[in-house]
Amino acid sequence: MVAEHSTILFSRNRLYHYQRTRPLTPNDPDYRRLHYVRYADDFLLGFSGPQSEAEEIKQKIGEFLQNTLKLKLSDAKTLITHARTGAAKFLGYEVCILQNDQKHDRRGHRSINGQVGLRVPAELVREKCQPYMQNGKPIHLAIALHDSDFSIVARYQQEYRGVVEYYRMAYNCHTLNWLRRVMELSMLKTLAAKFKTSVAKIVKHYKATVKTDRGLRRVFQVTVEREDGKKPLIAQWGGVSLAWDIGTAVLNDQPPIVWNKRTELLERLLADTCEHCGATGNVEVHHVRHLKDLKREGQVHSLWSELMAARHRKTMVLCKSCHVDLHAGRPPRRKQTE
């Protein structure tokens, strides 16, 4: 067995400890500090001292894992990184020691030197943008074209908010603004492709201004009115602040599920609307055992199977006429105008 990713962060800078403990000799050559933090099988060591001792610590850890736990320390994943000139990766963050003589507080004193900083890795932003881009440009998501505009906007917002809330403790959280721009344009293109119109018309139709804790913000909003005096359902894109906030950030490795398929099916049935032609009343559910059944090799693919495969669902709510056409092998009829 191979131990998972771990990092030893070492630094000879003792200013951070001097600010906190006020030792009489801040440049004491015998000064040492070792901090340890672990989450599951990922751990990080913070060491103040020379690199030779950091190498010795790494060697002793490897011997302990090998002799006691019968584990092998991965040399490729266990790195020794200088805290000021580099950064250690831990739980998706980059951990470093801040150093900037130009940052001063109101008294004119240097305010951030020696403090631990968390930041968003640059490669993470590129990785998160990748599903929404092609050839370097944002594109629409074909898999979402058969969803309602409410579901499309809600899904984009939930996925983006989940990333932002996880990296709220990073001092460069503002770099996620590029992800926001890519996802926003991808969402607008998806809506434009769904309704076969232009992005400019989608922007004009869905734009709105809402009041947030940080003032008025421009958003894109979908409102679904409900009967019996119930409050309307609102899906909103935007209004998520990228301000650094270490006090309220919560690291959650089990984010809420974006799609609850069981509840979603119930809501689709309660809507009493054919998901293909838009007819209301007397709806039925067509069901396949596995999604892979829609893409079997050597099998003639019908337009119906292509529709279900694009939706990435094993169920499809249809009216009686469309359901009969599906089982009869007839092509889907023309959709009703929206």
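Residues numbered from 1 in each chain as written. Predicted model: local features only at pLDDT ≥ 70, side-chain atom pairs only at ≥ 80, totals over all residues. Heavy atoms only, no water.

**Some remarks on the overall build of the chain**
Then step 1. Assigned secondary structure in the chain consists of nine helices and 16 strands.
Then step 2. Every one of the 338 residues in the chain was classed for burial, and the buried ones make up 36%.
Then step 3. Considering only residue pairs separated by 6 or more positions, the chain has 62% of its internal contacts joining residues 24 or more positions apart.
Then step 4. Element-wise, carbon and sulfur atoms account for 52% of the exposed surface of the chain, whose accessible area totals about 21,800 Å². (Helix = DSSP H or I, 4+ residues; strand = E, 2+ residues; numbered from the N terminus. Buried < 20%, exposed > 50% of the residue type's maximum accessible area, 1.4 Å probe, protein only. Contact = heavy atoms within 4.5 Å. Areas by Shrake-Rupley, 256 points an atom, 1.4 Å probe, with all protein chains shown as cover.)

**A short note on empty space enclosed by the protein**
Then step 1. For the structure on display, the rule yields one cavity of 30 Å³ or more.
Then step 2. Taken as a whole, the largest cavity holds about 40 Å³ of empty space.
Then step 3. Every residue along the wall of the largest cavity is listed here: Tyr 132, Leu 141, Ala 144, Arg 155, Tyr 156 and Glu 159.
Then step 4. Class assignment for the residues of the lining of the largest cavity results in four nonpolar, no polar and two charged. (1 Å grid on protein atoms, 1.4 Å probe; cavity = no way out; pocket = protein on both sides within 12 Å on 5 of 7 lines; lining within 4 Å. Points joined across faces, edges and corners; volume = space filled by probe spheres on them. Nonpolar A, V, L, I, M, F, W, Y, C, P; charged D, E, K, R; others polar.)

**A look at the confidence of the model for the chain**
Interpreting fine coordinate detail is not advised for predicted regions of low pLDDT.
Then step 1. Residues of the chain with pLDDT of at least 70 account for 78%, and the chain-wide mean is 79.
Then step 2. Overall, residues 13-19 carries pLDDT values under 50, and its contacts beyond four positions in sequence, including any with other chains, amount to 20 contacts.
Then step 3. Confidence drops under pLDDT 50 across residues 256-263; counting only partners more than four residues distant or on other chains, this segment forms eight contacts. (pLDDT = per-residue confidence, 0-100.)

**Regarding a nonpolar patch on the surface**
Then step 1. Nonpolar side chains collect at one region of the surface, where Tyr 171, Trp 244 and Ile 246 lie side by side and expose about 330 Å² of accessible area between them.
Then step 2. For Tyr 171, the position within the fold is in the loop between α4 (149-166) and α5 (177-195). (Patch = residues over 30% accessible without salt bridge, like charges linked within 9 Å, V, L, I, M, F, W, Y side chains within 5 Å. Salt bridge = Lys/Arg side-chain N within 4 Å of Asp/Glu carboxyl O.)

**Describing the packing of α5 against helix α6 (residues 199-206)**
Then step 1. Across the interface, α5 lies against α6 with an axial gap of 9 Å and an inter-helix angle of 105 degrees. Judged by the inter-axis angle, α5 sits roughly perpendicular to α6. Facing α5, whose interface residues are Leu 188, Lys 189, Leu 191, Ala 192 and Phe 195, α6 presents Val 199, Ile 202, Val 203 and Tyr 206.
Then step 2. Split into classes, the residues belonging to the contact of α5 with α6 amount to eight nonpolar, no polar and one charged. (Axes fitted to C-alpha atoms, helices over the stretch in contact; angles between N-to-C directions. Parallel < 35°, antiparallel > 145°, perpendicular 65-115°, else oblique.)

**Concerning the sheet that holds strand β8 (residues 93-97)**
Then step 1. Taken in spatial order, the three strands make up an open sheet running β7-β8-β9, and their pairing is antiparallel. In this open sheet, the two strands that pair with only one neighbour each are β7 (88-90) and β9 (116-119). Taking the axes of each pair of neighbouring strands and ignoring which way they run, one obtains an average angle of 35 degrees across the sheet.
Then step 2. As judged from the four bridges shared by β8 and β9, these two strands associate in the antiparallel manner. Opposite Ile 97, over in β9, you have Val 116 as the bridge partner. (Pairing = 2+ DSSP bridges.)

**Quick notes on the pattern of salt bridges**
Any two side chains of opposite charge can pair, given that their charged atoms come close.
Then step 1. Under the criterion given, the structure shown has 10 salt bridges.
Then step 2. In this structure, Lys 89 engages Glu 123 in a salt bridge whose closest nitrogen and oxygen atoms are separated by 2.5 Å. Here Lys 89 is found in strand β7, whereas its partner Glu 123 is found in helix α3 (residues 122-129), with 34 residues between them in sequence.
Then step 3. When its relative accessible area of 42% is taken as the criterion, Lys 89 is described as partly exposed.
Then step 4. Residue class for Glu 123 comes out partly exposed when judged on its relative accessible area of 30%.
Then step 5. In this structure, Arg 218 engages Glu 184 in a salt bridge whose closest nitrogen and oxygen atoms are separated by 3.2 Å. Here Glu 184 lies in helix α5 and Arg 218 lies in strand β13 (residues 215-224), a separation of 34 residues in the sequence.
Then step 6. When salt bridges that share partners are traced, they join Arg 180, Glu 184 and Arg 218 into one network.

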